[in-house]
Every structure is written in C-alpha cells, then in structure tokens.
Amino acid sequence: MTLYRLPPLPTIREIIKLYNLRAEKQLSQNFLLDLKLTDKIVRKAGNLKNAYVCEVGPGPGGITRAILNTGVEELLVVEKDTRFIPGLKMLNEASLGKVRIVHGDILTYRMDRAFPNHLKKAWEDDPPNVHIIGNLPFNVSTPLIIKWLEEMANRTGPFTYGRTPMTLTFQCEVAQVDVGVVHFTPLIKPKIDQPFKLIEKVVQSVFQLRRKYCYRGVSDEKWLKMVSGLKI
C-alpha cells in the first residue's frame, strides 16, 4: 500500500520535452513513460517503506517517482548522463530532499560507501534494508551484472551490507522478452563452491565460439582439463 505521494509534477513526457531529452541509440537508452509500468516494476522489489534504495540510471525519472511513492528513507540515484540531472533535482525538491544525486558511472561508483554502516548485516542474516533498482541499458547490463556477481562472491561493493536484493529490468537481448524484470537475492551458500574468477573463466570457455554453441566449447580438450578438478 502506498503511504506517500509526490506533489503534482510535470509528466515524464513533459519533462522530456522541457529539457529536450531523447533516448540515445548508441547508449542503448530506453525511456519508461508509463507510470503504471514503473509502479509495477517497483512493486517487484517488495516493501520499500523506510528503505535505502540505489537506482541505477534513472534517466528522466519514471522509476524514480515510483520508488519515492513507496515512502523510502533515502533514494540514491547514480546517473552518468548530464542531461537528466535537472529533472532529478526537481524530484529531490518535490520529495523534500529524499533524493541524493550522484553524477557518475555505476561501473566505477563505490557502493560500499553509499549508505550508513548501521545498515550492515551478517551474510547469514535476512537481507539488509538496502535495495538496488534499475532499468539497465543493453550496453551496460552484462558488464554490470558480472561486476556485481564478483562483488557478491567477495562480499564487497553493495554486498558489504549483506545479501542486498536487486530488482532490474533488461531489454530483450538479455532477458529474452521485450522488457524483463528480474529480482535477485543472493544465496547464503553459493551453488558452486569455487572462486569467482575460475567460474568466470569456465563460462567464457564454454561460450567462446561463434553463435554460442556451448556443446562445442565443452568438448574442447583444454576446457576438460580445466574443469576436471572442480567440485560442483
């Protein structure tokens, strides 16, 4: 149930027109204009009241508005594109300072310093009151997920706070649907008890050939030697 509502604001379409914004194809940007859709995406994250949330690539702020309407304690937005900063500042003013804007690249941003230390939990405990939400463009989704998987394995980055949940949307090239919404919560114990770099190397070897014929990759003699000693 929504317990907080933003005051009346220009629509996302009006924001786009006001600041002369457009989705850049070379950056794989796509704008979510339907607020019913953005509300539905945010509901997948669960109860966000009084939570600390990091939104990745908020753009013109469709998902940002939906997050603020849940009554979060603080919303950190990390946006690389300068064009979107004025609209995000408007949302910060409308939410009475709940939005903290970082103009930077999520691939290099130190998320281990993003939120107060008192939010940290032991890995074996329930997930912390910290969430990651984002509509990921195609060009950043794969490297970002790999980065987060490694940080998850090492319990660094956003996972210094514990088993931080993530609710992410992907374009069809990644999620195999028009817009895929995926909710992740790290496991207490990984399915494969091996170092991340080794698992990454195995996966790269499996999919090294054109058209991703993995059965040909796993038949390679070097790959067989590499995995012969794994405990899976």
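Relevant structure appears above.
A short tour of the structure in this document, coming up. Nothing here was measured: the structure is a model prediction, and the numbers come from that model.

1. Focus on the nonpolar core
And then number 1: The biggest cluster of nonpolar side chains holds 26 residues, and the ones touching the most others in it are Leu-76, Phe-115, Trp-148 and Leu-168.
And then number 2: Elements represented by at least two residues in this core include exactly β1 (52-56), β2 (74-79), β4 (130-135), α5 (138-154) and β5 (166-171).
And then number 3: Ranked by residues supplied to this core, first place goes to α5 with five residues.
And then number 4: Apart from the residues lying within four places of it in its own chain, the contact partners of Leu-168 are Ile-132, Ile-133, Gly-134, Leu-136, Ile-145, Trp-148, Gly-180, Val-181, Val-182 and Phe-184.
And then number 5: Counting residues in each nonpolar core, the second largest holds 21 residues, with Leu-6, Ile-41, Val-53 and Val-72 among its members.

2. Brief notes about the environment of Ile-106
And then number 1: Assignment of secondary structure puts Ile-106 in the loop between β3 (99-103) and β4.
And then number 2: Sequence separation between Ile-106 and Glu-55 is 51 residues, and the spatial gap between their C-alpha atoms is 9.8 Å.
And then number 3: Not counting chain neighbours up to four residues away, the residues in contact with Ile-106 comprise Val-56, Val-78, Met-111, Leu-144, Lys-147 and Trp-148.

Rules used in this analysis
Residues numbered from 1 in each chain as written. Predicted model: local features only at pLDDT ≥ 70, side-chain atom pairs only at ≥ 80, totals over all residues. Heavy atoms only, no water. Core = buried A, V, L, I, M, F, W, Y, C linked by side-chain atoms within 4.5 Å. Buried < 20%, exposed > 50% of the residue type's maximum accessible area, 1.4 Å probe, protein only. Helix = DSSP H or I, 4+ residues; strand = E, 2+ residues; numbered from the N terminus. Contact = heavy atoms within 4.5 Å.

Spatial relationships are all this shows, so hold off on functional conclusions.
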